[in-house]
Amino acid sequence: MCRTSIPRVGAPLPLLLPGARPVDSPGSPRLSPTGDLPDRERPARRQRFLVPVLGSCGIVAALMQTVVVPLLPDLPKLTGSSASTVSWTVTATLLSGAVCTPLLGRAGDMFGKKRMLMFAMCVLSIGSLMCALTSDIGVLIVGRALQGAATAVVPLGISILRDELPPAKVGAGVAMMSSTLGIGAAVGLPLAGLVVDHADWHVMFWGATALALVVLAMIALVVRESPVRNPGRFDVVGSIGLAAFLVCLLLGVSKGTAWGWGSGRTLALFAAALVIVLAWGVHQSRISAPLVDLRVTARPAVLLPNIAALFIGFSFYANSLSTAQLVQTPKESGYGLGVSVAVGGLCLLPGGVMMVVLSPISTHLTATRGPRFCLGIGSVLLALGYVVRIFTSHDLWLIILGATVVASGTAMCYSALPMLVIRAIPAAQTAAANGINALMRTIGQAVCSAVVAAVLTSYTLTVGGHTLPALHAYMVVFVIAGVVACCALVACLCIPEPTGSATAVTGEPRKAAPARAMPDPTGRT
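Residues numbered from 1 in each chain as written. Predicted model: local features only at pLDDT ≥ 70, side-chain atom pairs only at ≥ 80, totals over all residues. Heavy atoms only, no water.

Draft legend 1. Focus on the overall build of the protein. Counting secondary structure elements, the protein contains 20 helices and two strands. Total accessible area on the protein is roughly 23,900 Å²; 68% of this is exposed by carbon and sulfur atoms. (Helix = DSSP H or I, 4+ residues; strand = E, 2+ residues; numbered from the N terminus. Areas by Shrake-Rupley, 256 points an atom, 1.4 Å probe, with all protein chains shown as cover.)

Draft legend 2. Structural detail: the packing of helix H13 (residues 300-328) against helix H19 (residues 430-458). Running from amino to carboxyl end, H13 crosses H19 at an angle of 40°, the nearest separation of the two axes being 7 Å. In terms of orientation, H13 lies oblique with respect to H19. Considering only the axes of H13 and H19, their crossing is right-handed. Broken down by class, the residue content of the contact of H13 with H19 amounts to 16 nonpolar, seven polar and one charged. (Axes fitted to C-alpha atoms, helices over the stretch in contact; angles between N-to-C directions. Parallel < 35°, antiparallel > 145°, perpendicular 65-115°, else oblique. Left-handed = near helix turned anticlockwise from the far one by under 90°. Nonpolar A, V, L, I, M, F, W, Y, C, P; charged D, E, K, R; others polar.)

Draft legend 3. Main features of a nonpolar patch on the surface. Residues Val380, Leu384, Val387 and Phe391 make up a contiguous nonpolar surface patch of roughly 390 Å² in combined accessible area. Structurally, valine 387 is set in helix H17 (residues 371-391). (Patch = residues over 30% accessible without salt bridge, like charges linked within 9 Å, V, L, I, M, F, W, Y side chains within 5 Å. Salt bridge = Lys/Arg side-chain N within 4 Å of Asp/Glu carboxyl O.)

Draft legend 4. Here's a closer look at the pairing of strand S1 (residues 460-463). For S1 and strand S2 (residues 466-469), the ladder comprises four bridges, and the chain directions are antiparallel. Bridge pairing links valine 463 to histidine 466 in S2. Linking two consecutive strands that pair antiparallel, namely S1 and S2, is a turn of two residues; a positive phi of about 60° is found at glycine 464 within it. (Pairing = 2+ DSSP bridges.)

Draft legend 5. Geometry of helix H6 (residues 137-147). Within H6 the residues assigned to the buried category are Ile137, Leu140, Ile141, Gly143, Arg144 and Gln147. When H6 is viewed along its axis, its buried side chains cluster within an angular range of 165° and face the same direction. Near the N-terminus of H6, the side chain that reaches the backbone nitrogen of glycine 138, with its oxygen 3.1 Å away, is that of aspartate 136. (Buried < 20%, exposed > 50% of the residue type's maximum accessible area, 1.4 Å probe, protein only. Arc of directions from axis to C-beta. Polar contact = N/O pair within 3.5 Å; in protein donor to acceptor, adjacent residues only side chain to side chain.)

Draft legend 6. Here's a closer look at the side chain of serine 128. One can find serine 128 in helix H5 (residues 113-132). A distance of 2.9 Å separates polar atoms of two side chains, one belonging to serine 128 and the other to glutamine 147. Once you skip the residues sitting within four places of it in the chain, serine 128 turns out to touch Met64, Gln147, Phe205, Ala208 and Thr209. (Contact = heavy atoms within 4.5 Å.)

Draft legend 7. Seen up close, the packing of aromatic side chains. Here the structure, examined in full by the defined rule, presents six aromatic pairs. Considering the side-chain rings of tyrosine 386 and phenylalanine 478, the 6.1 Å spacing of their centres and the 35° angle between planes classify their relative orientation as tilted. Taken together, the residues span a long stretch of sequence, with tyrosine 386 in helix H17 and phenylalanine 478 in helix H20 (residues 471-493) at a distance of 92 residues. Like tyrosine 386, the residue phenylalanine 478 is buried in the burial classification. (Phe/Tyr/Trp six-rings, centres within 6.5 Å; stacked < 30°, edge-to-face > 60°.)

Draft legend 8. Broad picture of the packing of helix H7 (residues 153-164) against H19. Relative to each other, H7 and H19 sit at 145°, their axes nearing to 8 Å. By crossing handedness, the relation of H7 to H19 is classed as right-handed. The residues of H19 that touch H7, namely those facing Pro155, Leu156, Ile158, Ser159 and Arg162, are Thr430, Ala431, Asn434, Gly435 and Ala438. When the residues that make up the contact of H7 with H19 are grouped by side-chain class, the tally is five nonpolar, four polar and one charged.

Draft legend 9. Geometry of the environment of tryptophan 261. Tracing the backbone shows tryptophan 261 in the loop between helix H10 (236-259) and helix H11 (264-286). Taking the relative accessible area as the measure of exposure, tryptophan 261 reaches 39% and is therefore partly exposed. Sequence separation of tryptophan 261 and alanine 454 is 193 residues, and the distance between their C-alpha atoms is 10.0 Å.

By themselves these figures say nothing about function.
In structure tokens, the structure reads:
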């Protein structure tokens, strides 16, 4: 017998807002007494802005890595210091970024990802302001070190996307977030070149300060604090040990060419790094709440993507280091094009555009074929890009074509790597795990910088009394980078396929759970 609810005579009719449905009608949102949507429905209205805001964080962080590069030849004269001292403006950012990325990732999992994201952007703002207000090389190096803290915003942003977006949209958000690394690097070089050519160099850092403050305000307005936490005591001893290891390792790698690879300082740093990392590993295996869960990190599903990230970081960075320098080489060298700093930076801009264009394509590949397939395609494109670079280093448009192919492969790899990590670890460890993956890319870039510097100084020619890298040196760099891209492909092929429900976050299909009978809220059956 069908029952129909009929209001009692004299019962007050529900008050409806204009155009609204009754509160208890099917599909209608329940309103608070003030007429607002409840807290659980507000995040859906912010999702449309979440990816752009977090993506802007990644772009600003990537800008900080490259914005000072065109300024390096002039900084000794502008600051009254030596070239070796000026090089610390790059080294300090590299070291602080490498240290802050895993530490802030772990702190984000424990204390709140939005909180750590805002902290990183605040530190970036302070560092940029210090650089804008000074011409003293010591203060400038400290400011650049503070700017390096922003490197942690990408793994923190990826973790927030995993927590806040529906599973079907996580892949697209992560792909866009990962592509910001290439966008920022591609935009940073020509932008900084234009500033160096036409304005006071402090303008770069005033602009960085303004950008950081704007992004900080957008984070406060749009991003909500994720409820996913991994509580426990913060491993202070492990943090100090990891920081000491990274400083010794990366300082030895970045300064090895200048100091000499067989010098006492370089060998002492490498020996200290080895001793520290062994002691740190023992400490991490003995405590209940480690900074890095080595048992999880050692799983092939996590370890192999991290190894691939190391190779991808190396291979991608070789393109950034060599392209602008190659086209800026004087024509008298017999192969250089003699273009300006700004034009040299613009050669990388099409690659940044391609990283944005390929973002939805890599998302589709990840959702339909899996992130391992996407990483494999990206590694192949990287290797092919360097084959193009070897045979097309005399015409500007062909150089740009080769650099764009390399950037396209990087886009595919950078969108797949976080998804490989995400599907292999618990949600509460996302920021820390992606922080380690980003750290491996940073180490790969540091090693690449040292290798490229060593190669370019080993094969030289003299033009007009100036020593320049020979064309053969760039060919050697391209061959090495292509081989490293092939190593990334091998690591990719060894990554095991996931089992269970871990693939749900990638958007891949899974078996539906059997439906359960829901009780009647009225108590009737």
